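The lines below spell out each chain.
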Amino acid sequence: MFKKLTLIACCIVLLLAMLSGCEKGNAAPSASDASPPAGESERTEPAVSEPAAPGDFSVTAVEGAIAIDTGYGRLFFPEQWTELLRTEREVGEGYVKITFSAALDGTVYPLFEIAVGDYDGGSHIGSLTDGNGVARNVRMELISLRDVTDLPEDELDWLYAMQEDVNYLINGIK
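Keep in mind it's a predicted model, so treat the numbers as computed, not measured. Counting starts from 1 at the beginning of each chain's written sequence and moves along it residue by residue. Residues qualify for local features only when their pLDDT is at least 70, as the model is predicted, and side-chain atom pairs are given and counted only at 80 or more; totals for whole chains, interfaces and linings, by contrast, use all residues. Side-chain calculation: all heavy atoms of the structure are included, whereas hydrogens and water are not.

The next thing to look at is the sheet that holds strand β5 (residues 95-104). Any two strands with at least two DSSP-identified bridges between them are counted as paired. Secondary structure is summarised from DSSP: a helix means a run of H or I of at least four residues, a strand means a run of E of at least two, and numbering begins at the N terminus for each. Taking strand neighbours across the sheet as the criterion, the five strands line up as β4-β5-β6-β8-β7 in an open arrangement whose pairing is antiparallel. Since the sheet does not close on itself, it has two edges, and those belong to β4 (85-92) and β7 (123-129), each with one partner. Geometrically, the sheet is characterised by an average inter-axis angle of 25° between neighbouring strands, direction not taken into account. The sheet contact formed by β4 and β5 spans eight bridges and is antiparallel. Bridge pairing links Val91 to Val96 in β5. Every angle, taken between N-to-C directions, lies between 0 and 180 degrees, and every axis is a line fitted to C-alpha atoms, over only the stretch in contact when it is a helix.

Turning to the pairing of strand β3 (residues 74-78), a few remarks are in order. The classification of residues rests on relative accessible area computed with a 1.4 Å probe and restricted to protein chains. Under 20% of the type maximum is buried, over 50% is exposed, and intermediate values are partly exposed. Most of β3 is tucked away: five of the five residues are buried. Burial of the side chains of β3 extends over both faces: Arg74, Phe76 and Pro78 are buried on one face and Leu75 and Phe77 on the other. As defined by bridge partners, strand β2 (residues 65-69) adjoins β3 across five bridges and the pair is classed as antiparallel. The residue bridging Ala67 from the neighbouring strand is Phe76, located in β3.

Here the focus is the pattern of salt bridges. By definition here, a salt bridge exists when the distance from a side-chain nitrogen of Lys or Arg to a carboxyl oxygen of Asp or Glu is within 4 Å. Under the defined criterion, the tally for this structure stands at four salt bridges. Taking the shortest distance from any N to any O, the salt bridge between Asp69 and Arg74 comes out at 2.7 Å. The burial state of Asp69 is the same as that of Arg74; both residues are buried. Across the pair Glu113 and Lys97 runs a salt bridge, and its minimum N-O distance is 3.9 Å. Here Lys97 lies in strand β5 and Glu113 lies in strand β6 (residues 107-117), a separation of 16 residues in the sequence.

What follows is the structure, given as structure tokens:
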């Protein structure tokens, strides 16, 4: 009987320790253990600041993540993809849409789109609040990967891992 109680107590302590470890940050862990290739490209990063308008757009490294300032709030993506991630924005009437892509060997592969504000496409995934306290809807649409049959297996794994890391971005929305 004593052994059973000790085993149960150990399991509870282990479970509590695991759960408390999950509360250390605002963002979820990466959806994959795949890692990008080691690169030696230089990257200059602007100072982190809250943009005042959707026209003010920046991508910076912040606390282990890539922060994308949309003008309507920040989106976060895993820092491990810094060398491969490309973002392109479209500013419309009342919204900002950002296309997240991966760049491999000179080819850009669109992964997904995130729209913040008054936008009708995609699935609603949350809301962002800007510096003035105004909350706006966030919508997401996955893009089917095309022309990837000739890629080496490791690069194909990176593309799928980056696309799955949209969950990291979703978990970071407040």
